[in-house]
Amino acid sequence: MQWFRNYLPDSSLSITDRGLSYGDGLFETIATHSGYIPKLAIHQARIKRGCRRLGFNISPEQWQICWAFIAQQALKNPNCGIKLMLTRGSGGRGYRPPTDAAYEFLVGVFDAPNYSQQRSEGVSLVMSRIQTSINPSLSGMKHLNRLENVLAKQELADRAYEAVMLDANGHVIECVQSNIFWITRGELFTPALSKSGVQGSCRTSILSNFVGSVNVGHFSLASLQQADEIFVSNALSGILPVVKFDDRILQLGKLTRTLMDQVNT
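Residues numbered from 1 in each chain as written. Predicted model: local features only at pLDDT ≥ 70, side-chain atom pairs only at ≥ 80, totals over all residues. Heavy atoms only, no water.

Our focus in this paragraph is the nonpolar core. In terms of nonpolar packing, the biggest core is built from 24 residues, with Ile58, Trp63, Ile70 and Leu86 touching the most fellow members. Every element with two or more residues in this core is listed here: strand 3 (25–31), helix 2 (40–54), helix 3 (60–76), strand 4 (80–87) and strand 5 (104–111). When residues in this core are grouped by element, the largest group, six residues, is from helix 3. Not counting chain neighbours up to four residues away, the residues in contact with Leu86 comprise Asp24, Gly25, Leu26, Cys51, Phe56, Ile58, Trp63, Tyr103, Glu104 and Phe105. The next biggest cluster of nonpolar side chains, apart from the first, holds 23 residues, and it includes Leu125, Val164, Phe189 and Leu250. (Core = buried A, V, L, I, M, F, W, Y, C linked by side-chain atoms within 4.5 Å. Buried < 20%, exposed > 50% of the residue type's maximum accessible area, 1.4 Å probe, protein only. Helix = DSSP H or I, 4+ residues; strand = E, 2+ residues; numbered from the N terminus. Contact = heavy atoms within 4.5 Å.)

This is the structure:
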């Protein structure tokens, strides 16, 4: 993996950076395809929303430089993954951020994982014992505080490909590194992420491409367990069909295949 700090090759960061001290920052994980970024506008919109919520005052000129550099890396590395991390930099007194933040733009370029086997054969899913936090102030954002996911990934180990995470109210929220969807009697279901979870870029594409009834809300585990089809998604993998949930075997359904054809290309 090659790292750039403020667009120069560098793998170091100040020990006083607020991203390290407090998780004061955001990130995007971006997939490239043949030299371009298929969901670029979705990534741009999401990180800008996060910046507004965190009070990051990024100028249009700074964004222009950032996205031009990422586009350049996509051309140099036609089928790769790109990770953009944006921190508030160093400064401030304790939790209080500085008024004139020196933002750090960190870009990592890496070989994209190959998900062809998981797409054709499907993946397995289990339940996680780790809960997602309920916090409307942070929900939806890809902020740098990801300890819940670290703990959930550690607990998952090699038991399955992914694990379903619930909140303290018993609502299905997401998986460790994926958004989750299911289809019951031809209708699409996915959790509302207004109080918890991450609004994935692939999730946005799925919701805009599905033709039919879409249900976004607070659902219990029972709703997921009664599903006819289940799939998970993130920016790098696209849609992956779930063929086993705990001890239950599922088929790769017609509607999941249709969405895979639309979104995974």
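So, next bit.
Using the criterion set out here, one finds seven salt bridges in the structure. Taking the shortest distance from any N to any O, the salt bridge between Asp10 and Arg5 comes out at 3.9 Å. When its relative accessible area of 24% is taken as the criterion, Arg5 is described as partly exposed. A salt bridge links Asp24 to Arg18; the nearest nitrogen and oxygen atoms lie 2.9 Å apart. (Salt bridge = Lys/Arg side-chain N within 4 Å of Asp/Glu carboxyl O.)

With respect to the helices, strands and loops of the structure, Gly50 is situated in helix 2. Given the relative accessible area of 2%, Gly50 is considered buried. Remark: the alpha-carbon pair of Gly50 and Met141, spanning 91 residues in sequence, is separated by 5.8 Å. Residue contacts for Gly50: discarding those within four places in its chain leaves Leu26 and Met141.

So, about a positive patch on the surface. A contiguous patch of positive charge on the surface is contributed by Lys48, Arg49, Arg52 and Arg53. One can find Lys48 in helix 2. (Patch = residues over 30% accessible without salt bridge, like charges linked within 9 Å, V, L, I, M, F, W, Y side chains within 5 Å. Areas by Shrake-Rupley, 256 points an atom, 1.4 Å probe, with all protein chains shown as cover. Lys, Arg positive; Asp, Glu negative; His and termini not counted. Charge placed at Lys NZ, Arg CZ, Asp CG, Glu CD.)

Our focus in this paragraph is the pairing of strand 8 (residues 172–175). Note that strand 7 (residues 162–166) and strand 8 share three bridges and pair antiparallel. Residue pairing for strand 8: Leu166 is matched across the bridge by Val172. Joining the antiparallel neighbours strand 7 and strand 8 is a turn of five residues, in which Gly170 adopts a positive phi near 80 degrees. (Pairing = 2+ DSSP bridges.)

Spatially, the five strands line up as an open sheet ordered 2-1-5-4-3, and their pairing is antiparallel. Each of the sheet's edge strands pairs with one partner strand only, and the pair in question is strand 2 (8–9) and strand 3. For strand 3 and strand 4, the ladder comprises seven bridges, and the chain directions are antiparallel. Bridging across to strand 4, Leu26 finds its partner in Leu86. Against the sheet, helix 2 contacts strand 3 and strand 4, and its axis sits at roughly 175 degrees relative to strand 3. Sitting on the sheet, helix 3 touches strand 1 (2–5), strand 3, strand 4 and strand 5, and the angle it makes with strand 4 is about 160 degrees. (Axes fitted to C-alpha atoms, helices over the stretch in contact; angles between N-to-C directions.)

Next up on the list: the state of the cysteines. Taken as a whole and judged by the stated rule, the model has zero disulfides. Left unpaired, Cys51 is separated from the closest cysteine sulfur, that of Cys66, by 9.3 Å. On the basis of relative accessibility, which here comes to 3%, the residue Cys51 falls in the buried class. Note on Cys66: relative accessible area 0%, which makes it buried. (Disulfide = S-S within 2.5 Å.)

Its identity as a non-glycine residue notwithstanding, Arg185 has a phi of 50 degrees, on the positive side. The residue Arg185 is located in the loop between strand 9 (179–184) and strand 10 (187–191) in this model. The exposure class of Arg185 is exposed, given its relative accessible area of 74%. Located in the positive-phi region is Asp246, a residue other than glycine, with phi close to 55 degrees.

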